[in-house]
Amino acid sequence: MSQLRHAEDVLRIVDGFAIRAEELLPNYPSLFSGQSGLSLLYSNLYLFTKQKQYQNKCIDILEQSIRSLDDGKAGCSLANGVAGVGWLIKYLLKKKVLSDSDKKVLDDFDDILVESLKIDSLKDNNHYDLLFGLIGKGVYFLEEYPNSKSEPLTIIFEKLKSLSVETEHGTLWYDYLGKEERNETEAYFNLGLAHGLPSIIIFLSKISKIDVHHLECKNLLKSLIHYLQKQMLSNDISKFPSSSKSQQPSRLAWCYGDIGVALAFIYAARVLEDDKLMNNAREIALQSSYRNLSNSYIKSESSGLIENGVCHGSIGLVYLFSNLHDYFGDKEFLKAREYWLLNSFNKNEKLISRNYIFESNDWVENGTLLSGYCGMGISLLNYHNKECDGLNRPLLIW
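Residues numbered from 1 in each chain as written. Predicted model: local features only at pLDDT ≥ 70, side-chain atom pairs only at ≥ 80, totals over all residues. Heavy atoms only, no water.

## Considerations on the overall build of the protein chain
Broken down by element type, the protein chain carries 15 helices and four strands. Computed over the C-alpha atoms, the radius of gyration of the protein chain is 20 Å, within 12% of the 21 Å expected from 2.2 N^0.38 for a compact globule of 398 residues. Roughly 16,300 Å² of accessible area belongs to the protein chain as shown, and the carbon and sulfur atoms make up 47% of that amount. Here the protein chain carries 43 positive and 50 negative side-chain charges, and the mean point of each set is 4 Å from the other. (Helix = DSSP H or I, 4+ residues; strand = E, 2+ residues; numbered from the N terminus. Rg over C-alpha atoms; globule rule 2.2 N^0.38 Å. Areas by Shrake-Rupley, 256 points an atom, 1.4 Å probe, with all protein chains shown as cover. Lys, Arg positive; Asp, Glu negative; His and termini not counted. Charge placed at Lys NZ, Arg CZ, Asp CG, Glu CD.)

Written out as C-alpha cells, the structure is:
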C-alpha cells in the first residue's frame, strides 16, 4: 500500500484505469458517464506527466465527443450534453492542453446554451439540479470566473428563483426531479449536493461574487443556511439526513451527506463574511472525517463489496478529504484521506472490490467519471499533484 505514495506507481495504476475505461465506456459524449469524462482523465494524465501521448489521446476523444453532439440527441445538460463537453473545452484551454486558437469553437457552445436557457425560461421545466438542470449549465458559464458573462447567469438566476417556494423557513426549492424519478406523490427538500439545496447555495454564492443579483443572492443564502441548520441531527454518525423526509443519518459521499453541506457552508460563509458559519462548516467536515467502513454505508453488508467511485465511494473520499485538508489544514482530514485510500487497495495494489457499483440490482464494473475509473483516476492523480483538479468545478468542490 505504501507504494501508492510513489508517483510512478500511481501513474501505472491510473494508466490501467484509463485503458479499462476505454473498454467499458459507451460511444457517447457525456462528461459524467461517457467519452468526455475519459478525455478529462487523459488531460489530467498529461498534466501529471507532460507526456504528449496523453495530450493527443485527450484531444482525439474530445473531437469525437464534439462530433457526437451533432445529432442533437445528447441534450444540453452538464452530465450528458452540450454543457459538459463545453465545460471540458474551457478547462482544457485554461490548462493549456488546447491552444488559444481552439477558443473559436466555444462560440457555438455559447449560442446553443444561451438558446436552451431562453427555452428553459419559457417552458414548464422545474429541473434545477447540477447534473441535468439549470445549475449544470451555470457551471459552463462560470468557468471563466471571475470574468464570467453575466447575461446567461442572470437568466439562470431568474428561472431558478421562479422555481422556489416560500415556506415558514424562508425561500426553498423542492426536488422535483427526485419526485418524478421515484414516482412519489409529494415533493420534498433534497439536502444532497448532486441534486439538492447545497448546489443552489454554491451557485448563488458564485454568482453573488460577480455581482449577479448580489443582495438578493445574499438574502436567499441566509434563508437556505437557516433551513439547513434546522435540519441537523443529534447523532454521532452524520449531522444531516439526505432529505427533509428522512431523519436517518446520510451516507458519507459527494452526492449526499455532510460533506456536500460543509462545502456549501464554506462558499456561503465567504460571501456572507460569516466566521461562525465557516466554523460550522469545519465542524461538519471534521465529524465526517471520523467515520469509517462500519458507519459510512460504502461497504455492502450483503456482498462485502466496497464502492470506489467519486460519487459515493472510497476513492472519491480520498479526493474530498484531501481538498478539505487544503482548505482547513486539520490533520484529521489527512488521516481520513489515508484511511479511505487504505480501504480501497489491497497489499498488491489491486482494488479491494475491483470497481463495482450497485446498479440495476446487481454489482457491475464501471468506467465513468462520476462512478468509475475515470473519476477514480483523477482522484489518485490529485493525491500527488494538485494541478490534476479535473473534478473540482463540475462537482462544485472548489
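## A look at the packing of aromatic side chains
Following the criterion strictly, the structure yields 14 aromatic pairs and no others. When the ring of Y327 is compared with that of W398, the centres are 5.2 Å apart and the planes differ by 25 degrees; the resulting orientation is stacked. Taken together, the positions of Y327 in helix α13 (residues 314-328) and W398 in the segment after α15 (373-384) put the pair 71 residues apart, joining distant regions of the chain. Exposure remark for W398: the relative accessible area of 17% places this residue in the buried category. Chaining the aromatic ring pairs together yields one cluster made of Y267, F321, Y327, F328, F333 and W398. Above the ring of Y140, the side-chain terminus of K90 is found at 3.6 Å from the ring centroid. Sitting above the plane of the Y267 ring, R270 keeps its charged end 5.4 Å from the centroid. (Phe/Tyr/Trp six-rings, centres within 6.5 Å; stacked < 30°, edge-to-face > 60°. Buried < 20%, exposed > 50% of the residue type's maximum accessible area, 1.4 Å probe, protein only. Lys NZ or Arg CZ within 6 Å of the ring centre and 35° of its normal.)

## Some points on the pattern of salt bridges
For the structure shown, the criterion picks out 16 salt bridges. When the shortest N-O distance is used, the salt bridge between D389 and K95 registers 3.2 Å. Taken as a pair, D389 in the segment after α15 and K95 in the loop between α4 (82-94) and α5 (106-122) lie far apart in primary sequence, 294 residues in all. Note on accessibility: D389 and K95 belong to one class, buried. K161 is paired through a salt bridge with E216; the nearest N and O atoms lie 3.6 Å apart. Of this pair, K161 sits in helix α7 (residues 150-162) while E216 sits in helix α10 (residues 214-230), and the two are 55 residues apart along the sequence. Given the relative accessible area of 28%, K161 is considered partly exposed. By relative accessible area, E216 is classed as partly exposed at 32%. Here the salt bridges share partners, and the residues they tie into one network are R20, E23 and E365. (Salt bridge = Lys/Arg side-chain N within 4 Å of Asp/Glu carboxyl O.)

## Digging into a negative patch on the surface
Together, D107, D108, D111 and E115 give the surface a local cluster of negative charge. Relative accessible area serves as the criterion here: at 53%, D111 is assigned to the exposed category. (Patch = residues over 30% accessible without salt bridge, like charges linked within 9 Å, V, L, I, M, F, W, Y side chains within 5 Å.)

## Points about the packing of helix α9 (residues 197-209) against helix α11 (residues 258-272)
Between α9 and α11, the least distance of the axes is 8 Å, while the angle of their chain directions is 25 degrees. Classified by the angle their axes make, α9 and α11 are roughly parallel. Crossing hand, α9 versus α11: left-handed. On α11, the residues touching P198, I201, I202, S205, K206, S208 and K209 of α9 are G260, V261, L263, A264, Y267, A268 and V271. (Axes fitted to C-alpha atoms, helices over the stretch in contact; angles between N-to-C directions. Parallel < 35°, antiparallel > 145°, perpendicular 65-115°, else oblique. Left-handed = near helix turned anticlockwise from the far one by under 90°. Contact = heavy atoms within 4.5 Å.)

## Examining the side chain of D120
The topology assignment puts D120 in helix α5. Assessed through its relative accessible area of 6%, D120 is described here as buried. Setting aside chain neighbours within four positions, we find D120 in contact with N125, L134, K137 and K159.

## So, the packing of α4 against helix α6 (residues 134-142)
At their nearest, the axes of α4 and α6 sit 9 Å apart, and the two run at 20 degrees to each other. Compared by their axis directions, α4 and α6 come out roughly parallel. With respect to the hand of their crossing, α4 and α6 are arranged in left-handed fashion. Along the contact surface, α4 presents A83, G86, W87 and K90, while α6 presents G136, K137, V139, Y140 and F141.

## Here's the deal with the nonpolar core
L204 and W254 are the most contacted members of the largest nonpolar core, which has 139 residues in total. If you tally residues by element for this core, the top one is α11, at twelve residues. In contact with W254, not counting residues within four places along its chain, are L130, L131, L193, A194, V310, C311, L320, L370, L395 and I397. (Core = buried A, V, L, I, M, F, W, Y, C linked by side-chain atoms within 4.5 Å.)

## Remarks on the environment of S288
Here S288 is to be found in helix α12 (residues 275-289). Considering only alpha carbons, one finds S288 and F333, 45 residues apart in sequence, at a separation of 9.1 Å. Sequence-distant contacts of S288, that is, excluding residues within four places in its chain, are made with L252, D258, I259 and F321.

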